[in-house]
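Read off the chains here:
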Amino acid sequence: MKIGVLALQGAFAEHLSSLSRLGVTGVELRQRADITPDLDGLVLPGGESTVMGKLLRELDMFAPLKTMIQGGMPVFSTCAGLILLAARADNQEKTYFEVMDITVRRNAYGRQLGSFSTQAEFAGIGVIPMIFIRAPYISAVGPQAQILAVVDGHIVAARQDAMLCTAFHPELSSDLRVHDYFLRTVAGRAAGNAA
Ligand code: GLN
């Protein structure tokens, strides 16, 4: 299994480490040539969505990644990565891949609660640690997306087909269950393709 981790900026090294602890090879996607057909899944890390969006365009990586995701490539996005996937944003004009039927609220927790950690239920996994850093939340999901976790009345994780997003950072905790959940989606798709 080969997972491409977008490595332009932000917390990509932590995702590579989580994947390697689960015995999976992650490859850094730094330029268009790194986006190869043998990838089984993608990770879009946290960081700054504006910077990542700009670099994706400048490096000509935006279109090939969008095509892959639209083609069903499993993708796991955290925090800024979630903003990149969202079809809609309710507090800024800018949107990016627009592939997930969710509305995102960027920097939703304001300054005071900019960073915090908690524990909450994640559907299908159980109670897990959740670390939030200047996080967005999902203010609405459309009919195509499914809510996976809610904290203080705000949606913080969702999925839609093979797309998974979290407003928090599983890669910053030692709990590997969300990465494992994603890898099961990847394995399921690979098995489906082989059949
Ligand atoms: N505030 C960042 C953004 O809007 C997201 C923060 C993060 O990824 N930790 O892009």
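Quick note: structure is the one above.
For every chain, the first residue of its written sequence is number 1, and the numbers climb from 1 along that sequence. Since the coordinates come from a predicted model, pLDDT governs what is reported: local features require at least 70, and pairs of side-chain atoms require 80 or more to be given and counted, while whole-chain, interface and lining totals use all residues. With hydrogens and water excluded, all non-hydrogen atoms of the structure serve as input to the side-chain values.

J.: Explain the overall build of the protein chain to me, using residue names and the numbers behind them.
T.: To qualify as a helix, a DSSP run of H or I must reach at least 4 residues; to qualify as a strand, a run of E must reach at least 2; elements of each kind are numbered from the N terminus. Helix and strand counts for the protein chain stand at five helices and 12 strands. We compute the radius of gyration from the C-alpha atoms alone; for a globule the expected value is 2.2 Å times N to the 0.38, where N is the number of residues. Radius of gyration (C-alpha) of the protein chain: 15 Å, near the 16 Å computed for a compact globule of 195 residues. On the principal axes, the C-alpha backbone points of the protein chain span a range of 45 × 35 × 30 Å. Of all intrachain contacts in the protein chain linking residues separated by at least 6 positions in sequence, the fraction that spans at least 24 positions is 64%. Per-residue and other accessible areas were derived by the Shrake-Rupley procedure at a 1.4 Å probe size, with only the shown protein chains allowed to occlude residues. By element, 50% of the accessible surface of the protein chain is carried by carbon and sulfur atoms, the whole surface being about 8400 Å². Contact between two residues is taken to exist if any of their heavy atoms lie within 4.5 Å; hydrogens are not considered.

J.: Explain empty space enclosed by the protein to me, and be specific about the residues and the numbers.
T.: Whether a set of points on the 1 Å grid over the protein atoms alone is a cavity depends on a 1.4 Å probe fitting there but being unable to get out, while an open set qualifies as a pocket with protein on both sides within 12 Å along at least five of seven lines; lining residues are those with an atom within 4 Å of a point. Grid points are joined across faces, edges and corners, and a volume is the space filled by probe spheres set on the points. Enumeration over the complete set of coordinates arrives at one cavity of 30 Å³ or more. Lining the largest cavity are Arg159, Asp161, Ala162, Met163, Leu164, Tyr181, Phe182 and Thr185. Elements with a contribution of two residues or more to the lining of the largest cavity: strand 12 (163–166) and helix 5 (177–194). For the lining of the largest cavity, the element with the highest residue contribution is helix 5, accounting for three residues. Throughout, the ten residues Ala, Val, Leu, Ile, Met, Phe, Trp, Tyr, Cys and Pro are labelled nonpolar, Asp, Glu, Lys and Arg are labelled charged, and all others, Gly among them, are labelled polar. Partitioned by chemical class, the residues of the lining of the largest cavity number five nonpolar, one polar and two charged.

J.: Any chance you could break down the pairing of strand 7 (residues 115–122) for me, citing the residues and the numbers?
T.: Within a regular strand, the side chains alternate between the two sheet faces. Relative to strand 8 (residues 126–133), strand 7 runs antiparallel, the two sharing eight bridges. The residue of strand 8 that forms the bridge with Thr118 is Met130. Taking the residues between adjacent antiparallel strands as the criterion, strand 7 and strand 8 are bridged by three residues, where Gly124 takes a positive phi near 85 degrees. Pairing between strands is defined by DSSP: at least two bridges between them are needed.

J.: Explain the environment of Thr95 residue by residue, including any values.
T.: Residue position: Thr95 is located in the loop between strand 5 (86–89) and strand 6 (100–105). Distance from Thr95 to Arg105, taken between C-alpha atoms, is 11 Å for residues 10 residues apart in sequence. Leaving out residues up to four positions away in the same chain, Thr95 has contacts with Ala86, Ala87, Arg88 and Ala89. Any pair of N or O atoms that falls within 3.5 Å is considered a polar contact. Within protein, one atom must be able to donate a hydrogen and the other to accept it, and sequence-neighbouring residues count only if both atoms are side-chain atoms. Within polar-contact distance, the side chain of Thr95 engages the side chain of Glu98 at 2.4 Å.

J.: I'd like to hear about unusual backbone geometry, residue by residue, with values.
T.: The phi dihedral of Asp60 falls on the positive side, at around 65 degrees, and the residue is not glycine. Topologically, Asp60 is positioned in the loop between helix 2 (49–58) and helix 3 (62–70). Taking the relative accessible area as the measure of exposure, Asp60 reaches 45% and is therefore partly exposed. Relative accessibility thresholds used throughout: buried, under 20% of the residue-type maximum; exposed, over 50%; partly exposed, between the two (1.4 Å probe, protein chains only).

J.: Describe in detail the pattern of salt bridges, supporting the description with residues and values.
T.: Each reported salt bridge corresponds to a side-chain nitrogen of Lys or Arg within 4 Å of a carboxyl oxygen of Asp or Glu. All chains considered together, the criterion is met by 10 salt bridges. A salt bridge links Arg134 to Glu48; the shortest N-O distance between them is 2.8 Å. On the criterion of sequence distance, the pair formed by Arg134 in the loop between strand 8 and strand 9 (137–141) and Glu48 in the loop between strand 3 (41–44) and helix 2 is long-range, its members being 86 residues apart. Given the relative accessible area of 47%, Arg134 is considered partly exposed. The partner of Arg177 in a salt bridge is Asp175, with the nearest N and O atoms 2.8 Å apart. Three or more residues joined by partner-sharing salt bridges are found here, namely Glu48, Arg106 and Arg134.

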